[in-house]
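Remarks on the overall topology
Residue strings, one per chain:
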Amino acid sequence: MKIEIADWSIFILTTLGAFGGWAVVVAALTHYLADIFAKRALQREAAKFSERLADLGHELKLRESSYAKHLDLLLDYYATFYRHYRLCQNAANQDAHQYPDGSIIKTKDVFFEQLEHYLSESKAQEGKARLVLPAHLLELHDESIFAFNEFKDAMKRTTYDEIFHESKRKAFAKVQSAKDRLEVGLREFLRTEHLLKVRE
C-alpha cells in the first residue's frame, strides 16, 4: 500500500488536533513572536535612553560652564566689594597712618582718593551681578551700598571731634553687618547652585 506525502501531512495534522497539538504550536509561535517584539522594543528603549543620556551629558557641560562664569563674575564682584570694605575699615579704625619713613597720611584722604576707583569698578560689575544674584542677596547688595554711602557721608565731616568718630563708628558697624551677611549668603548661594546643577 502506497501512502502519499499529502496523506502523511493530513495524518500528522489530524493527530496534533486530536491531542491538542495546535495549542502547543500556537503557544510556541506566540512565545517566539513575543520574544522578537520584546527584543525590538528593548532595543528602541535602549536607543532612546542613550540619546537622552547624551543630551543630559551635554546639558551638564553647559551648566558647569555657566556656573564657572557666574563664579568668576561673583568673585570679581566680591573682590571689589571687599577692597572698599577694607578701605572703610582702615578709615574707621584710625585717623592717620605713619609710614616707616616718618611720613603721615590721613586715612580720610586715602579714602576719598580711592573712592572714585571703587565706584567705577562697582558700576561696571553691578549690572551683571544683578542678573545672577537671587533676590535676598540683591537686597543685601542694596543695603551694603546704603551703608557705604552713610560711611562716606560720615567721613565728609571736617572736624575730628567725638561726633565725627562716633558717626563713622556707627556707619562702619552697618558696613560690617552687611559684609558678614553678604559673605554667608554668597557662600550658600554658590554651594547650593553648584550642587543643584550637578544633581538635576
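My aim in this report is to walk through the structure given alongside it, one point at a time.

What counts and how
Residues numbered from 1 in each chain as written. Predicted model: local features only at pLDDT ≥ 70, side-chain atom pairs only at ≥ 80, totals over all residues. Heavy atoms only, no water. Phe/Tyr/Trp six-rings, centres within 6.5 Å; stacked < 30°, edge-to-face > 60°. Helix = DSSP H or I, 4+ residues; strand = E, 2+ residues; numbered from the N terminus. Buried < 20%, exposed > 50% of the residue type's maximum accessible area, 1.4 Å probe, protein only. Bend = angle between axes of the 7 residues up to and from the residue.

1. Points about the packing of aromatic side chains
For the coordinates displayed, the defined rule picks out 10 aromatic pairs. The interplanar angle of 25° and the centroid separation of 5.7 Å between the aromatic rings of Tyr85 and Phe172 together place this pair among those described as stacked. With Tyr85 in helix α2 (residues 21–93) and Phe172 in helix α5 (residues 162–199), this pair connects stretches of sequence that are 87 residues apart. Of the two residues, Tyr85 and Phe172, both sit in the buried class. Seen from their ring centres, Tyr160 and Phe164 are 5.1 Å apart, and the 65° between their planes marks the pair as edge-to-face. On the basis of relative accessibility, which here comes to 32%, the residue Tyr160 falls in the partly exposed class. Relative accessible area serves as the criterion here: at 1%, Phe164 is assigned to the buried category. Ring-pair connections join several aromatic residues into one group, and the members of that group are Tyr78, Phe81, Tyr82, Tyr85, Phe111, Phe112, Tyr118, Phe148, Phe151 and Phe172.

2. Quick look at helix α3 (residues 107–132)
Of all the bends in α3, the largest measures some 40° and sits at Glu126. For α3, the set of buried residues is Thr107, Lys108, Val110, Phe111, Leu115, Tyr118, Ser122, Gln125, Ala129 and Val132.

These figures capture arrangement, not role.
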